[in-house]
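# Structural features, examined
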Amino acid sequence: MRRHRFLALLPALAIVVAACGGGSSPAPTSQPTAAGSTPSSVPSAAAAAPTVGPGEGKLNIIIWAGYAEDGSNVPQYDWVHPFETQTGCQVNAKAADTSDEMVTLMRQGGGSVYDGVSASGDATLRLIGNGDVAAIDPTMFPDFANVASFLQDAPHYVVGGKHYGVPHGWGGNSLMYNTDIVKPAPTSWNVVFDPTVAAAYKGKITDYDSPIYIADAALYLKAHQPDLGITDPYELTQPQFDATVALLKAQHPWVGDYWSLYSKEIDNFTSKAVVVGTTWPYQVNTLQGSGVPVKSVVPSEGMTGWADTWMMSSRAAHPNCMLKWMGWMLTPAVQAMVAESFGESPANPKACDALDTGVGPYKLANFCTAYRVNDASYYSTIAFWKTPVADCGDGRGQTCVDYSIWTQKWTEIKG
Amino acid sequence: MGRLGLRIATLAGFAFLYIPIGIIVLYAFNAQRVQAWPIQQYSTEWFAAAINNDSVRDALLTSIEVGLGATFIALVLGSLAAFAVQRYRFFGRDTVSFALVLPIALPGIVTGMALNSTINATGIGFTIFTIIVGHATFCIVVIYNNVIARLRRSSRSIEEASMDLGADSWQTFRYITFPVIRTALLAGGLLAFALSFDEIIVTTFTAGTQETLPIWIFSHLRLPNQRPIVNVVAVFLIVLSAAPVYLASRLSGGTGVAGSST
Amino acid sequence: MTTTARSPATPPPPPLPAGRRLLGGLYQRKKLQLALLLAAPTSWFVFLYLGSLAVLLVTAFWYLDPKTSSIVHSLTLQNFVTLVSEPVYRTIALRTVTIAALVTITDAVIAFPIAYYMARVAAPRTRSILFMLVLLPLWSSYVVRVYAWRVILSPNGPLDWFFGLIGLPGLSPGFSDTSMWLVFTYLWLPYMILPIYAGLERIPRSYFEASADLGGRNMTTFRRIVLPLVLPALAAGSIFTFSLTLGDYITPKLVSNSQFIGNVIYDSQGVANNVPFAAAFAVVPILIMGVYLLLARRLGAFDAL
């Protein structure tokens, strides 16, 4: 009888402990937070002092897979542990698959759950517009001055003269294909969109599973159906949009898989369930590293891409740690690891010294030339992700199709 | 036909149930990170890696905490409701069992979204407590069904006899009623704990940055390099739970899912 | 006047502690007892769960303003109009319900022999072991088991290899609706076995003997005695298999390319932050399960859960 009573107490204790202990998962609580110092990271551009205050001991961030490597994938690519050691901020990174997921996560709990996010252009303006992210003073990061000139004031994160984050890196959604099966080597997106060419790979094509992929199809039509008059693949008038959706619906029967989980694409290419389709360089690196015969190419029509920015929540629970992370991610050594492991162009070209020597197994000779790190004109040819809004932003006025329609149509396309 | 057919069908059923488990165990010993077939090399290195992994220990602890908390709440609330429904007549009596089964019968994503909206709206923040609340809600019916089935089988006369013999309400409960429902509570509690331990959908919506074991597993299975460790964790779970589950099945003498018979 | 004989040496019993007196006082007040019993569970349920559900359902009548990307709190039917007018949502709902129904049937078929064997043929010792074996897979984590099936179903994976071995190459369903049906059947099998086992166990031995005495052979006994008696249990198990399949979005994402109701809801909520639309589509499985539960209750499932 006595034993039972004791056992019955245990769950009650568990609840009391849990309720008292609050929400954070077990983390070292021994980090000093100096009571007296004012955190200079108060989200207000004008009031920010040029140094970051002491860390709060923890950092919760939302990332694209591969943006917070801790050496568990490839030992040489670890920029989380050194950060934790130096700043005392224990990093808890949650990987999201799409920009939309990131926006939702950032807004959870009114913005207090996650401290920051590596947002792409199709999330940044939504976050800024809704007040989810804080303006910061980039001069508090000495490395910011070295960031590529075309990124320092880029409109996707600089609004009204205020910087809402720091750039991370940029790259494109290239076309990956299995060199043994897809012959001749493709040079155009027609290998996934044109029935005459794509028919050979029916059921083995892959698309990115997000409504933003409609822009990829629009990019294809921009080149192949010029009479549609598509100029900006994210700002489509109704007829342009309808034609693009029709293309994707026609493509649907040949698509083997819509991936949003990058590891799903890796699995599919490894098992040859899929042999051609859009990808991020991260998958290309990983597959090649595992010996799978794949190559990636930038097709003639161009490609969509992402220019990612580290942004801080306007209600971050650990603002100093987030700012420290931002500064850390801009340093050349970290930029080099990031660029090499993910396969993207670093925002800070000072990383080129380390990149040209090579950091780890994915090194590439003349990395910075290959990735056009300093090439402003190449940068401008990539159709970076941005949120489609009704305001076309040019002479067409308010006639363009809004993103909420994109999402609905995407459901229809997948069927 | 009869006996032999039955035996074959049973065997085939169990084979179906355990072949994927076999695959999991097999891949826990896969030397490579990539899950290709057939397995080229075998190795036990991942077992060491899993044991040394801090995040899985944290996730396991969180899951146990949540499970205990949810089970406790469910035990209390489920028993209260069962006693109320079994022993009294009142308006809305029939709808109670209907309402209680809703959290388990409605899709997890509906429950999850509903709770998520409420948590966001009231601004109480996503903590372990919100996870526990989410889990307790669907665990209540498990206890309720177990207890009510047991109560149906027991007669009140023994309680009345106890009172006649001079015991007061508390003594009657403690010495007469409680032992009667004890195994029902145990069986229900174990099942509730199991349901909470493996729950992922509602948890996704009610957790902030906390990781329960299923969430840890899900986020690590997405990383191709972490898969071997996850397989090892799964094997650990199966092995570790074999004994308690066996014990439970002997104790409860084989009750139903939400537990009724015996 | 008579005096009641009283034993002079018995002292009056000591006063009970306050708690026990309170409980004793409750003994007669049935309504108060009931109220106290029901207070906690009812308030938990009504405020936390039903309240949240109600708010969600109200949200279905709001809408997302595309320009500001925020939810407008004014009532409108536009979400439902979209749901009804766009054929894709009907397709998705139909696909989900069909597979859920198929899974339920297949699970019942596979579970029955196992449950029958456990309940009526196995020795008590074996029964406990079998019972444990049925429950054990549930402890190996739902996600891990789905990924195990991904490995099995992948091209050139174990299933392909097996079919090649027995001379039937290319029969593997790969990643498709068929695979979903297969994986769901697998995942929820234990949830079907247990209620059926409980139901079968409850049938007294004498029924079988009586049926045999009256001249019924195996099939007749099964059809006319066992089946009706085990129907509530079947209904109970089907609640789990049906509802778990109806609302799932993880398995469709991992082993097929098709969208389920759950995927659309999850994508609307997570992707577009369009909670009103997600809530509107969520009304569909809620209604379906509501009807299903009422039918199941008719069949006595609630007693067999």
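All figures in this text were calculated on a predicted structure; none of them were measured in a lab. (Residues numbered from 1 in each chain as written. Chains lettered and ligands numbered in written order. Predicted model: local features only at pLDDT ≥ 70, side-chain atom pairs only at ≥ 80, totals over all residues. Heavy atoms only, no water.)

Moving on, we get to the overall build of chain C. If you tally the helices and strands in chain C, you get 14 helices and two strands. Each principal axis of the C-alpha distribution contributes one length, and for chain C these read about 100 × 70 × 35 Å. The proportion of buried residues among the 305 residues of chain C is 54%. Counting only contacts in chain C whose residues sit at least 6 apart along the sequence, the fraction spanning at least 24 positions is 69%. With an accessible surface of roughly 14,200 Å², chain C has 68% of that area assigned to carbon and sulfur atoms. Side-chain charges in chain C split into 22 positive and 11 negative, and the spacing between the mean points of these groups amounts to 16 Å. (Helix = DSSP H or I, 4+ residues; strand = E, 2+ residues; numbered from the N terminus. Buried < 20%, exposed > 50% of the residue type's maximum accessible area, 1.4 Å probe, protein only. Contact = heavy atoms within 4.5 Å. Areas by Shrake-Rupley, 256 points an atom, 1.4 Å probe, with all protein chains shown as cover. Lys, Arg positive; Asp, Glu negative; His and termini not counted. Charge placed at Lys NZ, Arg CZ, Asp CG, Glu CD.)

Residue and element names in this part refer to chain A. Per the stated rule, a full pass over the model turns up 16 salt bridges over all chains. The closest approach of N and O atoms between D100 and R126, which form a salt bridge, is 2.8 Å. Linking D100 in helix α3 (residues 99-107) with R126 in helix α4 (residues 121-129), this pair joins segments that are 26 residues apart in sequence. Take D100: its relative accessible area is 1%, and that puts it in the buried class. Connected via shared salt-bridge partners are K249, K409 and E412. (Salt bridge = Lys/Arg side-chain N within 4 Å of Asp/Glu carboxyl O.)

Before going further, it helps to spend a moment on the confidence of the model for chain C. Residues and elements named next belong to chain C. Considering every residue of chain C, the mean pLDDT works out to 85; 91% of them sit at 70 or more. For chain C, per-element mean pLDDT is lowest for helix α1 (residues 18-26), which scores 68, and highest for helix α4 (residues 87-121), which scores 93. Scored as a complex, the prediction yields pTM 0.84 and ipTM 0.86. (pLDDT = per-residue confidence, 0-100.)

A word on the interface of chain C and chain A. Interface size is often expressed as the accessible area that is lost when the parts come together. Taken residue by residue, the interface counts 28 residues in chain C and 27 residues in chain A. Across the chain C/chain A interface, buried area totals approximately 2,200 Å², and carbon plus sulfur atoms make up 47% of it. Connecting chain C to chain A are one salt bridge. Residue D267 of chain A pairs with R150 of chain C through a salt bridge whose shortest N-O separation is 3.4 Å. Across the contact surface, chain C and chain A share seven residue pairs in polar contact (both at pLDDT 80 or more). Only α4, α6 (142-153), α11 (250-255) and α12 (261-271) of chain C provide two or more residues apiece to the side of chain C that touches chain A. Of all the elements, α12 of chain C adds the most residues to the side of chain C that touches chain A, at five residues. Grouping the amino acids of the side of chain C that touches chain A by side-chain chemistry returns 12 nonpolar, 10 polar and six charged. (Buried area = accessible area lost by both parts, 1.4 Å probe. Polar contact = N/O pair within 3.5 Å; in protein donor to acceptor, adjacent residues only side chain to side chain. Nonpolar A, V, L, I, M, F, W, Y, C, P; charged D, E, K, R; others polar.)

So, about the interface of chain B and chain C. Across the contact, 91 residues belong to chain B and 92 residues belong to chain C. Between chain B and chain C, roughly 8,500 Å² of surface is buried when both sides are summed, and carbon and sulfur atoms account for 77% of that area. Along the contact surface separating chain B from chain C lie zero salt bridges. Taken together, chain B and chain C are joined by seven residue pairs in polar contact (both at pLDDT 80 or more). No other element matches the 15 residues that helix α1 (residues 2-28) of chain B contributes to the side of chain B that touches chain C. Taken together, the residues of the side of chain B that touches chain C sort by class into 60 nonpolar, 22 polar and nine charged.

To continue, consider empty space enclosed by the protein. Following the criterion strictly, the structure yields 11 cavities of 30 Å³ or more and no others. By volume, the second largest cavity amounts to about 130 Å³. D209, Y258, K264 and K414 of chain A together with P252, K253, S256, N257, S258, Q259, N263 and D267 of chain C together form the lining of the second largest cavity. Secondary structure elements with two or more residues in the lining of the second largest cavity: α11 and α12 of chain C. (1 Å grid on protein atoms, 1.4 Å probe; cavity = no way out; pocket = protein on both sides within 12 Å on 5 of 7 lines; lining within 4 Å. Points joined across faces, edges and corners; volume = space filled by probe spheres on them.)

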